[in-house]
Amino acid sequence: MDARMIDHPFLIGVATSGYQSEGGYNERGRPYNNWGACEEAGRVAKTGQAVDFWNRYRGDFGLARGMGLNAFRLSIEWARVQPTRTSAAGHAPEFDLEAIDAYAERICACREEGLEPVVTLHHFTHPAWLGVDAWLDDGTPAAFERYVGVVLRRLNDRLADRHGQAPVRWYVTLNEPNMLVLNTYLSRYFPGGGEAGIPVGLRAYNRLLSAHVLAYNTIHDLYEERGWDTPKVSMNTFCSDVYWSEKMLLDLLCVQERGVPESGLIDYFLERAGNLSRYFLKAALGRRRDPAAIAGAGLHSLVNRFVPRAATAANMRFFLDTARRAKRDRTLDFLGLDYYDPFASHVFRLPDFSDLEFRSASIRAHLLDVLTSKWWDWHFLPEGLSAFCRHYAAEFPGLGILIAENGMAQRSSQDGAQSVPRKDGLTRSAYLEAHLGEVRRMRQDGVPLLGYLHWSLTDNYEWGSFTPRFGLYRVDYPGGLRRLETDHLGDNPSETYRRLVREFGFYV
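Worth saying up front: this structure is predicted, and the values here are computed from it rather than measured.

Caption draft 1: Helix H16 (residues 428-444), seen in detail. In this model, H16 (17 residues) spans 24 Å end to end at C-alpha, consistent with the 24 Å of a helix rising 1.5 Å per residue. Along H16, the residues that are buried comprise Arg-428, Ser-429, Tyr-431, Leu-432, Ala-434, His-435, Leu-436, Gly-437, Glu-438, Val-439 and Met-442. Looking one or two places after H16, you find Gly-446, whose phi comes out positive at around 85°.

Caption draft 2: Representation of the environment of Pro-351. Mapping Pro-351 onto the fold places it in the loop between strand E6 (335-339) and helix H14 (363-371). Along the chain, Pro-351 and Val-370 lie 19 residues apart, while their C-alpha atoms are 5.4 Å from each other.

Caption draft 3: Representation of the environment of Tyr-392 within the structure. Along the polypeptide, Tyr-392 turns up in helix H15 (residues 382-395). Separated by 195 residues in sequence, Tyr-392 and Gly-197 have C-alpha atoms that sit 28 Å apart. With residues up to four places along the chain from it excluded, the contact list for Tyr-392 reads Ser-240, Glu-246, Lys-247, Leu-250, Leu-276, Leu-335, Leu-337 and Ile-401.

Caption draft 4: Region of interest: a nonpolar patch on the surface. A cluster of nonpolar side chains, Leu-182, Leu-186, Ile-198, Leu-302 and Phe-306, forms an exposed patch at the surface whose accessible area comes to about 380 Å². Looking at the secondary structure, you find Leu-302 in helix H12 (residues 291-310). On the basis of relative accessible area, Leu-302 is assigned to the partly exposed category, the value being 45%.

Caption draft 5: Highlighting the sheet that holds strand E4 (residues 170-175). One closed barrel holds the 8 strands; their spatial order is E1-E2-E3-E4-E5-E6-E7-E10, and the pairing between them is parallel. Ignoring strand direction, the axes of neighbouring strands in this sheet form an average angle of 25°. In the sheet, E4 pairs with strand E5 (residues 232-238) via 4 bridges, with the strands oriented parallel. Paired with Asn-175 across the strands is Asn-236, a residue of E5. This element, helix H8 (residues 198-226), spans E4 and E5 of the sheet and lies at about 160° to E4. The sheet strands contacting H15 are E6, strand E7 (401-406) and strand E10 (449-455), and the helix crosses E6 at an angle near 160°.

Conventions used here
- Residues numbered from 1 in each chain as written.
- Predicted model: local features only at pLDDT ≥ 70, side-chain atom pairs only at ≥ 80, totals over all residues.
- Heavy atoms only, no water.
- Helix = DSSP H or I, 4+ residues; strand = E, 2+ residues; numbered from the N terminus.
- Expected span 1.5 Å × (residues − 1).
- Buried < 20%, exposed > 50% of the residue type's maximum accessible area, 1.4 Å probe, protein only.
- Contact = heavy atoms within 4.5 Å.
- Patch = residues over 30% accessible without salt bridge, like charges linked within 9 Å, V, L, I, M, F, W, Y side chains within 5 Å.
- Areas by Shrake-Rupley, 256 points an atom, 1.4 Å probe, with all protein chains shown as cover.
- Salt bridge = Lys/Arg side-chain N within 4 Å of Asp/Glu carboxyl O.
- Pairing = 2+ DSSP bridges.
- Axes fitted to C-alpha atoms, helices over the stretch in contact; angles between N-to-C directions.

Any functional reading would require information beyond the geometric quantities listed.
Here it is, written out as structure tokens:
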């Protein structure tokens, strides 16, 4: 796809998610999701109000528009529209039509501020009634398909009937399925049951990717049935230089379209893995020789040795059968890429006990907590954003690329009493300057970029903690959740974003 053939304005905006920002989950009488038991047990911080986006959405949309943005990524929370109000798993409850209508109101308000909504349908969480290990259950993809069909039919009808608006155009079915599996069944950072390991992770991948295929076809069927303009549907992945941790999923989604026979699946994976390895070997990004980096490189080598043995057609059977039965061979209308720190050599750090917030579940977990890099340890490599986008553009010709997330974390406690500068001294404004500079150069070079969404508009609940701060606006949690333009370092990243959008001409 030539960048000149993109049929819509470049999307420049922010990304958010429901559970992390809306508030109102996992309390008595409120929607209950798969994180609820962890919140109740004190293993993670309670979400509480989060940043109260559910009630403050108009003001937040106004902040985004005030920066000159034209896009806003938000999610529909499955647990809110098909809610469980108890921690127990059980039969699927009825849909809450008022909740679906409330999401339609928020999308309408988003558009009234001149912002194109990019709607995520699953951002790591699911209703508690599905059970904690929902993605190991054969029935979950069908449940997800029904959720998508019921919600989008009602949502888009309400947009038309009540608000006089067109249906949603941009969808992300699943947010970072690679990180969901990694954190649930390998690192065990996310809630999960007793099963873990590579074979278990592959089982989850089968059902997650099947859910994407079912949702993709459900959305396109609905839009064809109603005569609506063709939607743009994809999922987004967390960029990784470990082929088996990310790009394998995108290649697997394309096997029907590319005509890959099951007998040639592992050779197909190995060829594509070799392409990625050679590309980044030549790019020479993220290389270090300290002990932590050597350990990370060793982990990368172990993954390359053991995962290919498991990535067989037999172990992909559930997904391959779903893809074969699907109405369409195509499964992606664009690529959604999240770029943070994608290099395996950066996974580990030297031991650090200073940033541990909660008691570890075991000695093994404690060692991992001490030795694995945290959000604020992620390395600053803006040139890596360009490297991934350029390589994926070549590997997936005809698909435009939406940078669905990109951002950096600072470390500051929820009450603001403990704020620790990043070790590299980086400010969010400097981060924005560097990464948006890469975006501008890629557009000038004809890379088919569809848009850039910064994570995130405000600080939010980062999967168990409020300490990682990703917001263009700092949230004053003790002070009534005020949105502050200036952070604890005196930086004003929202003003920087506003200036860069204007100077770089991203609407063109």
